[in-house]
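Listed below are the residues making up each chain.
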Amino acid sequence: MACWGYLNKWTKVKFIAHTSVLSPSKRIVLHPQQRCAFRKVQRKPETRKGVQEEAGPPPGEMAEARLSQKHAPEPPLPPQMPPRNPRRLIKPLMFTIGFTGCSFGTAAILQYESVKSRLESLLEEGESEKKEMFQTHDTAHWHKWWDQLTDFQRQVIMFMSMVDDMWQGMSEGQRVATGIIAVNAAVLCCWRIPSLQRSMLKYFTSNPASKTRCLPMLLSSFSHYSIVHMVVNMYVLWTFSTTIVSILGREQFLAFYASAGVISTMMSYICKTASGRLHPSLGASGAIMTVLAAVCTKIPEAKLAIVLLPMFSLTAGSALKALVAIDTAGLVLGWRLFDHAAHLGGALFGVWYIEYGQELIWKSREPLVKFWHELRRGMSDSSGGPRYGGPKDGGGKGGGQA
């Protein structure tokens, strides 16, 4: 989740001094005695009975005090937070729009290339099957080759065969989720390298008060500092990966997931700037909430069970409403354990995309796919290579043919 509590416990103040949350109203006002350094309090002169006037300090001490006040250096001001300037959100907003458009455009092209490669592989498999019909298989040759291997080589081959069987037994959604989990695990390991900590804080934590605001919107969605934090997020992703990929398809899901991370971080930026609570966040919760909201919106009658309480179950629609209510309360009441604004942004984007965005964005990809198809065909003609017709509408799973 976009949780910043673990990061604040670990990192030193000097690494995030630029994200100080002191507001102008909380500046430390130093007493004049502190600005001039502490001096020994002068004893009051004793007055005799019947004398009304008080004796002041000697003229020499008064001059010395004035001179020390005049030449005393001013104390340094405490670190201050950059002012809450809405203009700082212009670049992140432009990055969000541009990245989302490029993600879905790239996904449409990748889907075209995937369908094209599948057609080529099917043609090659058909030709190879015809050749194998006229060939005899010499099993003795393979037995002899196996006997010549060492025990270590045999174990390696058997391990690779077992891994291949496990990979082939996974659904397409689980394969995609495995890749995302591997990336998150690699980033988690990078957090443990001391020489990379400055770079990790700069690029893998999102903060609207930071100088680098755009690239961390994406990278922080794959960043976790706590192992428990990552395990919980990736477990939810693994649970819903098969369903969401079967609904959207592999390429569309990847664009959907990456865009969800950026959009949820943009929502977090807006709420942080409005409230003045400028603190760093990281985690995949925004993207995970988008996936969860999309599945619950598409299949609201599905039954979901709570991990720690498997005896209780509720419908997907009710679970989504409960999560949105909790995050809304956390945002209003100022809870600071999770980035509730990112959760809400991800959930709203997931609901919007299933209801309207898929029709508006993904099913309108036909002009781009046709342009890419014509470009590839022109490149094949100029190079003298074979020509492939390719799909007329981008083909593949997920989301309605245009």
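Residues numbered from 1 in each chain as written. Predicted model: local features only at pLDDT ≥ 70, side-chain atom pairs only at ≥ 80, totals over all residues. Heavy atoms only, no water.

## A closer look at the confidence of the model for the protein chain
Should pLDDT be low for a region, the predicted coordinates there are not to be read in detail. When the pLDDT values of the protein chain are averaged, the result is 77; 69% of them are 70 or greater. Within the protein chain, helix H7 (residues 172-191) carries the highest mean pLDDT (95), whereas helix H2 (residues 32-35) carries the lowest (35). Predicted confidence is poor over residues 49-56, with pLDDT under 50, and the contacts of this stretch with residues over four places away or in other chains come to two contacts. Residue range residues 70-81 is modelled with pLDDT below 50. Its contacts to residues more than four positions away, or to other chains, number 16 contacts. (pLDDT = per-residue confidence, 0-100. Helix = DSSP H or I, 4+ residues; strand = E, 2+ residues; numbered from the N terminus. Contact = heavy atoms within 4.5 Å.)

## A look at helix H11 (residues 250-275)
For H11, which comprises 26 residues, the first-to-last C-alpha distance of 38 Å matches the rise-based estimate of 38 Å (1.5 Å per residue) to within 8%. In terms of residue burial, H11 counts as a mostly covered element, since 19 of its 26 residues are buried. One or two residues past the end of H11 sits Gly276, with phi positive at roughly 80°. (Expected span 1.5 Å × (residues − 1). Buried < 20%, exposed > 50% of the residue type's maximum accessible area, 1.4 Å probe, protein only.)

## Overview of the pattern of salt bridges
Taken as a whole, this structure holds eight salt bridges when the rule is applied. In this structure, the salt-bridge partner of Glu120 is Lys116, at a minimum N-O distance of 3.0 Å. In this pair, Glu120 and Lys116 are both assigned in helix H4 (residues 90-132), four residues apart and thus about one turn of the helix distant. Accessibility expressed as a relative area gives 21% for Glu120, which makes it partly exposed. (Salt bridge = Lys/Arg side-chain N within 4 Å of Asp/Glu carboxyl O.)

## Examining helix H12 (residues 285-298)
Here H12 contains 14 residues, and its C-alpha end-to-end distance of 20 Å stays within 8% of the 20 Å for a straight helix at 1.5 Å per residue. When you tally the buried positions in H12, you get 13 out of 14 residues, the bulk of the element.

## Re the nonpolar core
Core analysis: the largest hydrophobic core is formed by 50 residues, its most contacted members being Leu237, Ile244, Phe253, Phe256 and Tyr257. When contributions to this core are tallied by element, the ones reaching two or more residues are H4, H7, helix H9 (215-219), helix H10 (227-248), H11, H12, helix H13 (316-333) and helix H14 (340-360). Setting aside residues up to four positions removed in sequence, Leu237 forms contacts with Ala177, Ile180, Phe253, Tyr257 and Ile288. (Core = buried A, V, L, I, M, F, W, Y, C linked by side-chain atoms within 4.5 Å.)

## Details of the state of the cysteines
All told, the structure shown has zero disulfides when counted by the stated rule. Cysteine Cys189 is unpaired, with the sulfur of Cys190 as its nearest cysteine sulfur at 7.0 Å. (Disulfide = S-S within 2.5 Å.)

## Examining the side chain of Thr100
Its place among the elements puts Thr100 in helix H4. Excluding residues within four positions of it along the chain, Thr100 makes contact with Ser259 and Ile263.

## Concerning the environment of Lys272
Mapping Lys272 onto the fold places it in helix H11. Take Lys272: its relative accessible area is 4%, and that puts it in the buried class. Note: C-alpha distance between Lys272 and Ala209 (63 residues apart in sequence) is 9.3 Å. Every residue in contact with Lys272, bar those within four places of it in the chain, is listed here: Ser206, Pro208, Arg277, Leu278, His279, Pro280, Ser281 and Asp339.

## Describing the environment of Arg88
With respect to the secondary-structure elements, Arg88 resides in the loop between helix H3 (59-71) and H4. In the structure, Arg88 is positioned 185 residues away from Thr273 in sequence and 9.0 Å away in space, judged by C-alpha atoms. In this structure the side chain of Arg88 is engaged in a polar contact, spanning 3.2 Å, whose partner is the backbone oxygen of Ser210. (Polar contact = N/O pair within 3.5 Å; in protein donor to acceptor, adjacent residues only side chain to side chain.)

## Things to note about the packing of H11 against H14
Direction vectors running N to C along H11 and H14 enclose 135°, while the axes themselves pass 8 Å from each other. Classed by the angle they form, the pair H11 and H14 counts as oblique. Judged by the sense of rotation from one axis to the other, the crossing of H11 with H14 is right-handed. Across the interface between the two elements, Gln252, Phe256, Ser259, Ala260, Ile263, Ser264, Met267, Ser268 and Cys271 of H11 pack against Ala341, Ala342, Gly345, Gly346, Phe349, Gly350, Tyr353 and Gln358 of H14. Across the contact of H11 with H14, the residue classes break down as nine nonpolar, eight polar and no charged. (Axes fitted to C-alpha atoms, helices over the stretch in contact; angles between N-to-C directions. Parallel < 35°, antiparallel > 145°, perpendicular 65-115°, else oblique. Left-handed = near helix turned anticlockwise from the far one by under 90°. Nonpolar A, V, L, I, M, F, W, Y, C, P; charged D, E, K, R; others polar.)

## Some remarks on a nonpolar patch on the surface
A contiguous nonpolar patch, built from Phe152, Val156, Phe159, Met160, Met162, Val163 and Met166 and spanning about 730 Å² of accessible area, is present on the exposed surface. Within the secondary structure, Phe159 sits in helix H6 (residues 151-169). (Patch = residues over 30% accessible without salt bridge, like charges linked within 9 Å, V, L, I, M, F, W, Y side chains within 5 Å. Areas by Shrake-Rupley, 256 points an atom, 1.4 Å probe, with all protein chains shown as cover.)

## Brief notes about the side chain of Thr290
Residue position: Thr290 is located in helix H12. The exposure class of Thr290 is buried, given its relative accessible area of 0%. For Thr290, the side chain forms a polar contact with the main-chain oxygen of Gly346, separated by 2.9 Å. Beyond its immediate chain neighbours, meaning those up to four positions away, Thr290 contacts Phe256, Ala260, Gly346, Ala347, Phe349 and Gly350.

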